[in-house]
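Commentary on secondary and tertiary structure
Chain residues, written in single-letter form:
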Amino acid sequence: MTQASHDRLLIIDFGSQVTQLIARRLRELSVYCEIHPYQNVDEAFLADFAPKAVILSGGPDSVTREGSPRAPQSLFEMGLPVLGICYGQQTMMQQLGGLVETGHGTAEFGRAYVTPKVAQLDILDGWFSDGDEQVWMSHGDHVSKIAPGFEVYGTSPNAPFAITADPSRHFYAVQFHPEVHHTPNGAKLYENFVRLAGFTGDWTMDAYREQAIAAIRAQVGDKQVICGLSGGVDSSVTAVLLHEAIGDQLTCVFVDHGLLRKGEAEEVVTMFRDNYNMQFIHADEQELFLGELEGQSDPETKRKIIGKLFIDVFQKHANSIDGAEFLAQGTLYPDVIESVSFSGGPSVTIKSHHNVGGLPEKMGLKLVEPLRELFKDEVRALGVELGLPTSFIGRHPFPGPGLAIRCPGEITREKLDILREADAVYIDQIRKHGLYDDIWQAFVAILPVRTVGVMGDGRTYDFACALRAVTSVDGMTADYYPFTHEFLGETATRIINEVKGINRCTYDITSKPPGTIEWE
């Protein structure tokens, strides 16, 4: 679906690990933007995309290296506002007649403080009101000579040209990363930039909903569509949006693999079959999945089994739908970005069990992906716009393989039943204490060990479990949630008293990195 009716901002990606965060900051300002690798952006692309402004991202390369990435030279002759960040600043300086050098003790990594050099600059409205500004730096090279027409507006101890600009041409360049949370006032800088570029903030979920419905109808016509429904937020919003667009032309297939949380399958069936009156297939395949997983303990083997079986089951039920020509998926914009790497080639494969990967090729279906331009927080906003319950929209992320990756070692029905009960108590505790919305993700993992305990006057030999709760902005990094000892003690007591089969609780305080959020 094209967004030509919106003001568009182009982010040229030079390979920074935080380029996605630039897009997120802009979307939060109701500005439509897209990320494209620098190799794909030439003069013809710029003319076709017709951006209202351009941001040049950071990157790992060195501008001083022969053959290193550059922006199209024609970009600087289009009269567009341009903001260069880190590597983006350096290539802008180099391409416009400045100089970049390596070393000489000017590398900066981590927190730094920028001091204002010249009092007035429109993009810095709201900055330096309380003195120096904290920023986050990550650079080895440095600008040693600014390009003609530019002035210095901010310096740091190791970056004498931390903020430079040529306001007459609306060119701005910073050595730091305003998109990360370690630059506390970074959002204000982006807000100023898009305001100066003339963006009106016309990227809203209400407008997106209407355009998405029109695009779905134009793409699908009178043909049948099948949707793989996991019960998660992404697939659920996809299903409700499609149902609003094409009604009975949509059939949802919900594969119940026996790895869902307590009461989750019943909740999904009730919501979509009863409340939305959709054509709905509840594929109860628990025996198949749990049978194939029996005796398997290797995490990757378990994932592959679940992914393959999901495709097989989905295909079996989808084949029963006459005239199905389209497959709907809840693909999000981060999935799209990650499917094209910095080098322009294929990168990380989207998990097959999550986005029904492989089905279009096997079944000869065409894809409908109405969320492929949205980030997760935008999907939640669209879900609210579509009338999905806020309690459902605000649920913590749940992995495609379900409880399989919260059950290290061999999966058994006994362990899954214990895990469901423990997880339900834990989440109930979090909700009772009013903490649910402060936490990115919380769950219980049942450990592949039994421990000795004493309950009453008797000896027990039961499973241990680990409680996990993390805070995060985007899932890329995470830290453990700082529960009080009172909360942890109360929760452990409830789990041990109420869940038969567990006699010991631990709390996982590992951050990401070095750990991952899930246990497998």
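In this report, we go over the structure that sits alongside the text. (Residues numbered from 1 in each chain as written. Predicted model: local features only at pLDDT ≥ 70, side-chain atom pairs only at ≥ 80, totals over all residues. Heavy atoms only, no water.)

**What about the overall build of the protein chain?**
Spelled out, the test is: Think of it this way: any DSSP run of H or I at least four residues long counts as a helix, any run of E at least two long counts as a strand, and we number them from the N terminus. Burial classes follow relative accessibility: with a 1.4 Å probe on protein chains only, a residue under 20% of its type's maximum area counts as buried, one over 50% as exposed, and anything between as partly exposed. Only heavy atoms matter for contacts: two residues are in contact if any of them lie within 4.5 Å across the pair. Counted as positive: Lys and Arg. Counted as negative: Asp and Glu, with His and the chain ends omitted from the count. Charge coordinates come from a single atom per side chain, which is NZ of Lys, CZ of Arg, CG of Asp or CD of Glu.
Along its length, the protein chain carries 16 helices and 20 strands. Projected onto the principal axes, the alpha-carbon positions of the protein chain cover approximately 80 × 60 × 40 Å. A buried classification covers 56% of the 520 residues belonging to the protein chain. Across the protein chain, every contact between residues at least 6 apart in sequence was considered, and the portion connecting residues at least 24 apart equals 76%. Each charge class in the protein chain was averaged separately, 44 positive and 70 negative side chains, and the resulting centres sit 4 Å apart.

**Re the pattern of salt bridges**
What counts, and what does not: For this document, the term salt bridge refers to a Lys or Arg side-chain nitrogen within 4 Å of an Asp or Glu carboxyl oxygen.
Evaluated as defined, the whole model comprises 29 salt bridges. A salt bridge links Asp417 to Arg420, with the shortest nitrogen-to-oxygen separation between them at 3.2 Å. Taken together, the residues span about one helical turn, with Asp417 and Arg420 both in helix α15 (residues 413-432) at a distance of three residues. Residue class for Arg420 comes out buried when judged on its relative accessible area of 16%.

**Overview of the environment of Arg195**
Within the fold, Arg195 resides in helix α4 (residues 186-196). Relative accessible area serves as the criterion here: at 44%, Arg195 is assigned to the partly exposed category. Taking the C-alpha atoms as reference points, Arg195 and Leu29, 166 residues apart in sequence, are found 9.9 Å from one another. Discounting chain neighbours no more than four positions away, the residues touching Arg195 are Asp122 and Asp125.

**So, the pairing of strand β15 (residues 324-328)**
Short version of the rule: Here, any two strands with at least 2 DSSP bridges between them count as paired.
Relative to β15, strand β12 (residues 224-229) runs parallel, the two sharing four bridges. Paired with Gln224 across the strands is Ala324, a residue of β15.

**Side note on the nonpolar core**
How we decide: We call a set of buried residues a nonpolar core when its members are Ala, Val, Leu, Ile, Met, Phe, Trp, Tyr or Cys and they connect through side-chain atoms within 4.5 Å of each other.
With 50 residues, the main nonpolar core has Tyr426, Ile430, Phe483 and Ile495 as its most contacted residues. Ranked by residue count, the leading element in this core is α15, at eight residues. With near-sequence residues (within four places) excluded, Tyr426 lies in contact with Ala442, Phe443, Val444, Leu467, Arg468, Ala469, Phe483, Phe487, Thr491, Ile495 and Tyr507. Residues Val233, Phe272, Met278 and Phe326 belong to the second largest nonpolar core, which totals 43 residues.

**Digging into helix α13 (residues 376-385)**
All of the buried residues along α13 are Glu378, Val379, Arg380, Leu382 and Gly383. Here the buried face of α13 lies against α1 (19-28), α5 (205-220), α6 (233-246) and α14 (390-393). Positive backbone phi, at 90°, marks Gly387, one or two positions downstream of α13.

**Here's the deal with the packing of aromatic side chains**
The condition is simple: The rule is short: rings of Phe, Tyr and Trp, with Trp giving its six-membered ring, pair when the centres are within 6.5 Å, and they are stacked under 30 degrees, edge-to-face over 60, tilted in between. Placement of a positive charge over a ring is assigned whenever Lys NZ or Arg CZ falls within 6 Å of the ring centre and within 35 degrees of the normal to the ring plane.
Taken as a whole, this structure holds 18 aromatic pairs when the rule is applied. Put simply, the rings of Tyr426, Tyr480, Tyr481, Phe483, Phe487 and Tyr507 touch in pairs and so form one group of aromatic residues. Note that Arg8 overlies the ring of Phe49, its terminal NZ or CZ placed 4.0 Å from the centroid.

**Focus on unusual backbone geometry**
Geometrically, the link from Lys512 to Pro513 is a cis peptide bond, its omega value of -15° lying close to zero. Along the chain, the position of Pro513 falls in the segment after β20 (502-507). At the junction of Pro513 and Pro514, the peptide bond is cis and its omega measures out at 15° in the coordinates. Tracing the sequence through the fold places Pro514 in the segment after β20. For Ala50, which is not glycine, the phi dihedral falls at a positive 50°. Structurally, Ala50 can be placed in the loop between α2 (43-49) and β3 (53-56). Even without glycine at this site, Phe128 takes up a positive phi of about 65°. Relative to the assigned elements, Phe128 resides in the loop between β6 (108-116) and β7 (133-139).

**Re the pairing of strand β1 (residues 8-13)**
Of all six residues making up β1, six are buried, and the element is well covered by its neighbours. Of the two faces of β1, the one holding Arg8, Leu10 and Ile12 and the one holding Leu9, Ile11 and Asp13 are both buried throughout. Here β1 runs beside β3; their pairing, made up of four bridges, is parallel. What sits directly across from Ile12, in β3, is Leu56.

**A few points about the packing of α15 against helix α16 (residues 485-498)**
Cut-off, in case you're wondering: To define axes, lines are fitted to C-alpha atoms, for helices over the stretch in contact only, and angles between the resulting N-to-C directions are given on a 0 to 180 degree scale. Each crossing is labelled by how the near helix is turned from the far one, with a counterclockwise turn of less than a right angle marking it left-handed and a clockwise turn marking it right-handed. When residues are sorted by character, Ala, Val, Leu, Ile, Met, Phe, Trp, Tyr, Cys and Pro go into the nonpolar class, Asp, Glu, Lys and Arg into the charged class, and all the rest, Gly among them, into the polar class.
Orientation of α15 relative to α16, taken along the N-to-C sense of each, is 145°, at an axis distance of 10 Å. For the pair α15 and α16, the sense of crossing is right-handed. Taking contact as the criterion, the partners of Ala422, Val425, Tyr426, Asp428, Gln429, Ile430 and Lys432 in α15 are, on α16, Phe487, Glu490, Thr491, Arg494, Ile495 and Glu498. Of the residues contributing to the contact of α15 with α16, the split by class is six nonpolar, two polar and five charged.

**Overview of the packing of α6 against α13**
Using the following cut-off: Small angles under 35 degrees read as roughly parallel and large ones over 145 as roughly antiparallel, with 65 to 115 read as roughly perpendicular and the rest as oblique.
Between α6 and α13, the least distance of the axes is 10 Å, while the angle of their chain directions is 45°. When the axis of α6 is compared with that of α13, the two are oblique. Crossing handedness for the pair α6 and α13: left-handed. Facing α6, whose interface residues are Val233, Asp234, Val237 and Leu241, α13 presents Lys376, Val379, Arg380, Leu382 and Gly383. Residue composition of the contact of α6 with α13, grouped by class: five nonpolar, one polar and three charged.

**Comments concerning the sheet that holds strand β14 (residues 279-284)**
Taking strand neighbours across the sheet as the criterion, the five strands line up as β14-β13-β12-β15-β16 in an open arrangement whose pairing is parallel. Looking at which strands have only one partner, the edges of the open sheet turn out to be β14 and β16 (366-368). Averaged over all pairs of adjacent strands, the angle between their axes in this sheet comes to 30°, without regard to strand direction. Inspection of the sheet shows β15 paired to β16 by three bridges, in the parallel sense. Among the inter-strand pairings, Phe326 is bridged to a residue of β16, identified as Lys366. Running over the sheet, α5 touches β12, β15 and β16 and is turned about 165° from β16. Along the sheet face, helix α7 (residues 264-275) touches β12, β13 (250-256) and β14 and points at about 165° away from the line of β14.

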